[in-house]
Amino acid sequence: MKHYMPPKWLPARMCTRWRVLLLLGLAGPFRCSDSPETELHDAHRDLELLAQRLKVPTELPTVVLVGHHNDGKSGLLEALLGIRISHVGSSITTRRPLRIHSQHDERFETPVLYLTRDNGEEQACTASELRAHVEAENERLAERGAYDSSEIRVRLVWRHAASLVLIDTPGLLSVPAALGETADAAMLRSSEEVQALVLKQLAPPNRLILCLEDTSDWQVPLTRAVVQRADPKLSRIVLVATKLDSKLSQVGRGSGGGGRRGGRSGRQQHQALQQQQK
């Protein structure tokens, strides 16, 4: 078996990031065979052993999904997990963070889910039972027009699971610019409440951020504008462009969706972003 060992001088921060990227490679249902997956699990174990030899404190890698409402966070989460746990495309707004502790265990041929109840007890549940619980919580909060920063905690155990934590956050809300100062006070309050909730999840500096950006308008990176408040240099984000199929023709023209308005191309946008990071 081939082992992928990072050099002994590798800094702890880079070692952690290497672990996260390996684990993301393990996640997801699209695998050609067990052999590459087994090698990646071996690589992860080697990194853990290296951290022990170097006496570097480690923690379970945590990845936070951030995006605006209907940007595709739930679909991406389920693609990484390999199981369906929500009604993708549902009109119900997510109002509580969903924290999934994914555990790799060769003994489990099929995925097993455990839901932590409000009393702290962990109970086994089916995917449909978890969906019903999440939707009931969202509907309860929607009736009050409220959001809740406390997490819905779930544990997933499966031989195809990667050992990491995935956190799905409520979708960010954008107040239409056309409304200006006349925007509804409740809408503004909800937008600020969601941003505060998301920024709280992004605060720990060791968390990796999957930043989902709707490509409907290249000129307005709404999600990145929020993420930069927690990570000004964008040093720990992975940018995920969603709904890209609607922009392929514009990419081909190099207009970036802003050609008609004299806007910058996608390449120019990327170069500008690189300059911000320096």
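Here the structure is shown first, and the text comes after it.
Everything numeric here is computed off the predicted structure, so don't read it as measured data.

## Remarks on helix 5 (residues 185–202)
The end-to-end C-alpha separation of helix 5 is 26 Å, in line with the 26 Å expected for 18 residues at 1.5 Å each. Taken together, the buried positions of helix 5 are occupied by Ser190, Ser191, Val194, Leu197, Val198, Leu199, Gln201 and Leu202. Buried residues in helix 5 make contact with strand 1 (62–66), strand 6 (164–168), strand 7 (208–214) and helix 6 (222–227).

## Overview of unusual backbone geometry
In this structure, Asn70 is a non-glycine residue whose phi angle is positive, near 70 degrees. By the element assignment, Asn70 lies in the loop between strand 1 and helix 3 (73–81). With relative accessibility at 52%, the residue Asn70 sits in the exposed group. Its identity as a non-glycine residue notwithstanding, Leu234 has a phi of 55 degrees, on the positive side. If you trace the backbone, Leu234 turns up in the loop between helix 6 and strand 8 (237–242).

## A few points about the environment of Trp158
For Trp158, the position within the fold is in strand 5 (residues 152–158). Between the C-alpha atoms of Trp158 and Gln103, which are 55 residues apart in sequence, the distance is 6.6 Å. The contacts of Trp158, once residues within four sequence positions are left out, are Leu81, Gly82, Ile83, Gln103, His104, Asp105, Phe108, Glu109, Thr110 and Pro111. One polar contact links the side chain of Trp158 to the main-chain carbonyl oxygen of Glu109, over a distance of 3.2 Å.

## Brief notes about the packing of aromatic side chains
Summed over all chains, the structure comprises zero aromatic pairs. For Arg155, the ring lying beneath its charged end belongs to Tyr114, and the centroid distance is 4.4 Å.

## Examining the pairing of strand 7
With six of seven residues buried, strand 7 lies mostly within the body of the structure. Pairing geometry for strand 1 and strand 7, over four bridges, is parallel. Paired with Leu65 across the strands is Leu210, a residue of strand 7. Note that strand 7 and strand 8 share six bridges and pair parallel. The partner of Asp214 across the bridge, within strand 8, is Thr242.

Rules behind the numbers
- Residues numbered from 1 in each chain as written.
- Predicted model: local features only at pLDDT ≥ 70, side-chain atom pairs only at ≥ 80, totals over all residues.
- Heavy atoms only, no water.
- Helix = DSSP H or I, 4+ residues; strand = E, 2+ residues; numbered from the N terminus.
- Expected span 1.5 Å × (residues − 1).
- Buried < 20%, exposed > 50% of the residue type's maximum accessible area, 1.4 Å probe, protein only.
- Contact = heavy atoms within 4.5 Å.
- Polar contact = N/O pair within 3.5 Å; in protein donor to acceptor, adjacent residues only side chain to side chain.
- Phe/Tyr/Trp six-rings, centres within 6.5 Å; stacked < 30°, edge-to-face > 60°.
- Lys NZ or Arg CZ within 6 Å of the ring centre and 35° of its normal.
- Pairing = 2+ DSSP bridges.

Interpretation note: all reported values are geometric properties and have no functional meaning in isolation.
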